Amino acid sequence: QVQVVESGGGLVQAGGSLRLSCSVSGRIRSINDMGWYRQAPGKQREQRELVAMISRIGSTNIANSVKDRFTISRDNAKNTVYLQMNSLKPEDTAVYYCTAQGVLSTTDLYGINYWGKGTLVTVSS
């Protein structure tokens with residue numbers, strides 16, 4: 001059974017930094033893309049927005065709104081993805097969801113997408 005667990009959220013003042021981590025566990029053979037979406041307060045699930053994604057070989061896709069402040073990285077040996085968030089702004093306040101896409105386990109014939117339960121990031125002004 002594959003599990004996706006995020007950590008590292010919390011309360012921080014504007015201008016501060018946080019580092020989110022997300023570990024994917026289970027009998028995993030490979031994971032294609034890993035990354036982060038966020039859902040701002042009052043928004044619906046369908047309005048989650050992409051923050052950053054990273055492929056297995058390290059190619060990244062980062063939202064323009066955070067490109068100069070956030071960095072995504074990945075440790076394939078640990079099936080873990082990180083999001084370093086610097087110069088945080090109040091508008092970054094959201095629940096951050098980790099996603100692992102194209103997860104191929106030892107029992108699957110094809111890749112499956114998984115989501116974590118989310119970690120809350122609150123940036124005070």
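Residues numbered from 1 in each chain as written. Predicted model: local features only at pLDDT ≥ 70, side-chain atom pairs only at ≥ 80, totals over all residues. Heavy atoms only, no water.

Peer 1: Help me out: how do you make sense of the overall build of the protein chain in this one?
Peer 2: The number of helices and strands found in the protein chain is zero helices and 12 strands. Scanning the protein chain from its N terminus toward the C terminus, one meets helices and strands in the order β-β-β-β-β-β-β-β-β-β-β-β. Across the 125 residues of the protein chain, 42% fall into the buried class. Taking the contacts inside the protein chain whose residues are at least 6 apart along the sequence as the reference set, 56% of them involve residues at least 24 apart. Of the roughly 6,900 Å² that the protein chain leaves accessible, carbon and sulfur atoms contribute 45%. (Helix = DSSP H or I, 4+ residues; strand = E, 2+ residues; numbered from the N terminus. Buried < 20%, exposed > 50% of the residue type's maximum accessible area, 1.4 Å probe, protein only. Contact = heavy atoms within 4.5 Å. Areas by Shrake-Rupley, 256 points an atom, 1.4 Å probe, with all protein chains shown as cover.)

Peer 1: Please explain the state of the cysteines as it appears in this structure.
Peer 2: Disulfides are covalent bonds that link the sulfur atoms of two cysteine residues. All chains considered together, the criterion is met by one disulfide. Covalent S-S linkage joins Cys22 and Cys98, the inter-sulfur distance amounting to 2.0 Å. On the S-S bond that ties Cys22 to Cys98, the torsion sits near -80 degrees, and the link is left-handed. On the criterion of sequence distance, the pair formed by Cys22 in strand 3 (residues 18-25) and Cys98 in strand 10 (residues 94-105) is long-range, its members being 76 residues apart. Take Cys22 and Cys98: they sit in the same class, and that class is buried. (Disulfide = S-S within 2.5 Å.)

Peer 1: It is not clear to me how the sheet that holds strand 3 should be interpreted in this structure. Could you clarify?
Peer 2: The strands making up a sheet are joined through hydrogen bonds of the backbone, oriented either antiparallel or parallel. Spatially, the four strands line up as an open sheet ordered 1-3-9-8, and their pairing is antiparallel. In this open sheet, the two strands that pair with only one neighbour each are strand 1 (3-7) and strand 8 (70-75). Going across the sheet, the axis of each strand differs from the next one's by a mean of 15 degrees, ignoring polarity. Bridge count for strand 8 against strand 9 (residues 80-85) is six bridges, and the pairing is antiparallel. Of the residues in strand 9, the one forming a bridge with Ile72 is Leu83. (Pairing = 2+ DSSP bridges. Axes fitted to C-alpha atoms, helices over the stretch in contact; angles between N-to-C directions.)

Peer 1: Could you clarify how one ought to interpret the nonpolar core in this entry?
Peer 2: Where a protein is soluble and globular, its nonpolar side chains tend to be buried together. With 30 residues, the main nonpolar core has Trp36, Leu83, Met85 and Tyr96 as its most contacted residues. Listed by contribution, the elements that provide at least two residues to this core are strand 3, strand 5 (33-39), strand 6 (49-54), strand 8, strand 9, strand 10 and strand 12 (119-124). The greatest single-element share of this core, amounting to five residues, is contributed by strand 10. If we ignore the near neighbours within four places in the chain, the residues touching Leu83 are Leu18, Arg19, Leu20, Trp36, Val51, Ala52, Phe70, Thr71, Ile72 and Tyr96. (Core = buried A, V, L, I, M, F, W, Y, C linked by side-chain atoms within 4.5 Å.)

Peer 1: How should unusual backbone geometry be read in this particular structure?
Peer 2: Leave glycine aside and you will find that most residues have negative phi; peptide bonds, for their part, are mostly trans. Located in the positive-phi region is Asn79, a residue other than glycine, with phi close to 50 degrees. Along the chain, the position of Asn79 falls in the loop between strand 8 and strand 9.

Peer 1: Mind showing me how you'd approach the pairing of strand 6 here?
Peer 2: Successive residues of a regular strand alternate their side chains across the two faces of the sheet. Across five bridges, the pairing between strand 5 and strand 6 is antiparallel. Bridged to Gly35 within strand 6 is Met53. One ladder, built from three bridges, connects strand 6 with strand 7 (residues 60-62); its direction is antiparallel. The partner of Met53 across the bridge, within strand 7, is Asn61.

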